[in-house]
Amino acid sequence: MTKYVIIGGSAGGIGAVEAIREVDPAGELVVISDEKVPQYSRPMISEYVSREATLDTMKYRADQFWKDNNVQALTGHVATKIDFAKKMVELDGKQTISYDKLLIATGGKPFVPRMEGSDKSGVFTFTELSSAEGIEAKVEQSKSAVVIGGGLIGVSAAEALVKRGIKVTLVELKDKILNLILDETASDIAEKVLTDDGVTVITGQSVQKILGKQDKPDTVGGVVMTDGTQISCDLVVVAIGVIPRTDLVKDSAVKVNRGIVVDRHMQTSVADVYACGDVAEAHDFLINGNRLLPLWPLAHLGGRVAGYNMAGKQTEYEGGTVMSSLKYFDLPVITVGTVNPQNISDYEVLVEYKPEKTVYKKILLKDGKIEGFIFLGDLEKAGIFFRLLKNSVDVTEIKDMLLSEDFGIVALPEQLRQEMFVVN
Amino acid sequence: MPTFVEEKTMKRVTVKQEACIGCGLCQVYCTIEHSKTKDPIKAYLQEQPKPVSRVRVETSKPNSISIRCQQCKDTPCVNACLTGAMTLDKETGLVTHDPEKCIGCWTCVMVCPYGAVKPDSTGKIIAKCDLCPDREVPACVENCPNEALVCEEVDE
Ligand SMILES: Cc1cc2nc3c(=O)[nH]c(=O)nc-3n(C[C@H](O)[C@H](O)[C@H](O)COP(=O)(O)OP(=O)(O)OC[C@H]3O[C@@H](n4cnc5c(N)ncnc54)[C@H](O)[C@@H]3O)c2cc1C
Ligand code: SF4
Ligand code: SF4
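Because the structure is predicted, anything quoted here is derived from the model rather than measured.

1. Some words on the side chain of Ser-50 of chain A
Residue and element names in this part refer to chain A. Relative to the helices and strands, Ser-50 resides in the loop between α2 (45-49) and α3 (65-68). Ser-50 sits in the buried class, given a relative accessible area of 8%. With residues up to four places along the chain from it excluded, the contact list for Ser-50 reads Ala-160, Lys-163 and Arg-164.

Below is the structure:
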């Protein structure tokens, strides 16, 4: 009987549990998680802070999930070391657990830059339920907050705090918010929507120092910006990004680039050791190489593929790419692939912009293929484009139709329609 | 591409492309079926939030086609869902959406190859074909004047 050990019980770990159980209902299965309730939807911590969700409604899987899948869930425990030669995981620095197949699904940890005052009470990160609980407990006594980082996580934190009625300043070091996933036009639209909802957006600057309150120097009272201006606030949320939690494989034979490098079976450079999700550098179908892609759907899918392979069912990971959907501030956006290329002249760009309806669509083509697109305001057919991009379909023939109202599956050339869309 | 679901029998609505004349009645009947009142006038003119069709008729002369969720075997939307709102019902093999759990993050919209999931009229959650759970035969199939739609049990 195979013994499986999974470190991390979130998107990736859960995907692996489900896949392993499809193939092997009997094998011993242990999940180690330092979070007590790991099966919540991490992106929903923003709903938790805005009080639109409770711990109960944000569960990604039911409480009996572990039991139903015959998993020994060691929640509230930390995996402290891995001995790859002996195939052992050390738990809480004490006992050891042996494995035949191991999955590292430890995710990412929030990146906090060196900044004076970052240890003050009232400074939070925004990646775990525990930080959301900490923020939620302080919101009531707070009048204003500064969110550092204008990416997806920062925007989600800003929305949650605005919904709780406090004054929010969002600080982004680059010139544009959401600059990794939006182009200038889309970013400007997003910035306007945030501003209209009461968020003060400051770009091109960062926070250099966090100040204490006059009477309570250990509690957040404000921040100093790089240009020296001061903003008073009661909360600081550092939401710059996540870095892979690779500590467990440090100085081991497991190959790490920026994340743990895995092959198309999600296996690391060490046999019987797999990795997925935010900690891993896995296949990207657009660049046809490995890349860090810290996204929920990819963590889950990678976990599933790892699980199948661990249980002996050979399965190849189809990969992912930069792919985000946003709903914050009621601005629906789907953005996939390359949207801000360095050599824009290598691309053919199709654009439709209807400011009065807040609809913006942009498609980037290279060698007749879709390499990236942004759909803002009107999302319905985005999935068709995603499929065309993923399958690297040559769209030269139908290029002029792509942005037309009538575009759809019906507009695809007959052969393509048969190949891709007609019922399998 | 990996196949994630074991073989099973399930229901699915397919379209005979040559028979679809693009009249749009499937959209109308879908909208009414998914309204609160199930009354055509009220559904279209009064109900708030407005009921939406989970079917889309696409026309590009001379072709037209009626599109809805195809119950994909590899369930891209289920794998991608951020909250667990989209699930594969192991009993029926159907991809089922739970509006209570949905937060309208649009991740499923991004990955559905048919463009068969869309934001509903509230803009807070998605709407997709549920094969009309209260009916023997889905409303669109029953009301297609040209019998272009077929609800079949497929042996996967
Ligand atoms: C606020 C926010 C919003 C987001 N929004 C989106 C979105 O809209 N769309 C999207 O695609 N993605 C979104 N993401 C990203 C998404 O949440 C991650 O990509 C996803 O959670 C990664 O899953 P994972 O299983 O790899 O790791 P994680 O979810 O990070 O889980 C790893 C788990 O392992 C545990 N762990 C780590 N090390 C150990 C150890 N040594 N011992 C025991 N346990 C350990 C951790 O505590 C954690 O529970 C968002 C993230 C945040 C924070
Ligand atoms: S909603 Fe789309 S992706 Fe999901 S099963 Fe239906 S057709 Fe497939
Ligand atoms: S919109 Fe709803 S069903 Fe779709 S992925 Fe998000 S939570 Fe899941």
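2. A word on the site of ligand 1
Residue and element names in this part refer to chain A. If you check the shell around ligand 1, you find 35 residues, and the closest are Ser-10, Asp-34, Glu-35, Arg-42 and Asp-278. Side-chain polar atom of Ser-10 to an oxygen atom of ligand 1: 2.6 Å apart, as the coordinates give it. Burial of ligand 1 by the protein amounts to 96% of the accessible area it has alone, namely 1,000 Å². At the level of secondary structure, the elements contributing two or more residues to the shell around ligand 1 comprise α1 (11-23), β2 (28-33), α5 (152-163) and α7 (296-310).

3. Observations concerning the domain arrangement of chain B
Residues and elements named next belong to chain B. Domain boundaries in chain B define domain 1 (8-68 + 129-156) and domain 2 (73-128). Computed from C-alpha coordinates alone, the two centres of domain 1 and domain 2 are separated by 18 Å. Between domain 1 and domain 2, the buried area comes to about 1,200 Å², and carbon and sulfur atoms account for 56% of it. The tally of links from domain 1 across to domain 2 stands at 0 salt bridges. Scanning the region where domain 1 abuts domain 2 turns up 6 residue pairs in polar contact (both at pLDDT 80 or more). With 3 residues, the single largest contributor to the side of domain 1 that touches domain 2 is strand β1 (residues 9-15). Counted by class, the side of domain 1 that touches domain 2 contains 6 nonpolar, 2 polar and 8 charged residues.

4. A word on the sheet that holds strand β10 (residues 144-148) of chain A
Residue and element names in this part refer to chain A. With parallel pairing, the 5 strands of this open sheet are ordered in space as β9-β16-β10-β11-β12. The sheet is open, and its two edges are formed by β9 (123-125) and β12 (200-203), each paired on a single side. Going from strand to strand, the sheet's axes swing by 20° on average, the running direction of each strand aside. Judged from the 4 bridges that link them, strand β11 (residues 167-172) and β12 form a sheet pairing that is parallel. Residue Glu-172 lies in a different strand from β12, and its bridge partner there is Thr-203. Contacts from helix α4 (residues 129-139) reach β9 and β16 (235-238), with the element oriented near 140° to β9. Here α5 sits on the sheet in contact with β10, β11 and β16, set at roughly 170° to β11.

Scoring rules and cut-offs
- Think of each chain on its own: its residues are numbered from 1, step by step along the sequence as written.
- The order in which chains are written sets their letters, starting at A; the order in which ligands are written sets their numbers, starting at 1.
- Thresholds applied to this predicted model are a pLDDT of at least 70 for local features of residues and 80 or more for the giving and counting of side-chain atom pairs; totals over whole chains, interfaces and linings are not thresholded and use all residues.
- To get the side-chain values, all heavy atoms of the structure are used, and hydrogens and water are removed first.
- Going along the chain from the N terminus, every DSSP run of H or I of four or more residues is numbered as a helix, and every run of E of two or more is numbered as a strand.
- Three labels apply to residues, based on accessible area from a 1.4 Å probe with only protein chains included: buried if under 20% of the type maximum, exposed if over 50%, partly exposed otherwise in between.
- The contact criterion used is simple: two residues touch if any of their non-hydrogen atoms lie within 4.5 Å.
- Residues are labelled near a given molecule or strand when at least one of their non-hydrogen atoms is within 4 Å of it.
- Polar contacts, as used here, are pairs of N or O atoms within 3.5 Å; protein pairs need one atom able to donate a hydrogen and one able to accept it. Residues neighboring in sequence count only if both atoms are side-chain atoms.
- Working definition of accessibility: Shrake-Rupley area with a 1.4 Å probe, residue cover restricted to the visible protein chains.
- Delimitation of the domains relies on an automatic or database domain assignment.
- Accessible area that two parts lose when put together, evaluated with a 1.4 Å probe and summed over both, is termed the buried area.
- Salt bridges are counted wherever a side-chain nitrogen of Lys or Arg sits within 4 Å of a carboxyl oxygen of Asp or Glu.
- Nonpolar residues are Ala, Val, Leu, Ile, Met, Phe, Trp, Tyr, Cys and Pro. Charged residues are Asp, Glu, Lys and Arg, and all others, Gly as well, are polar.
- One requirement defines pairing of two strands: DSSP has to find at least two bridges between them.
- Only C-alpha atoms enter the line fits that serve as axes; for helices the fit covers just the stretch in contact. Angles between N-to-C directions range over 0 to 180 degrees.

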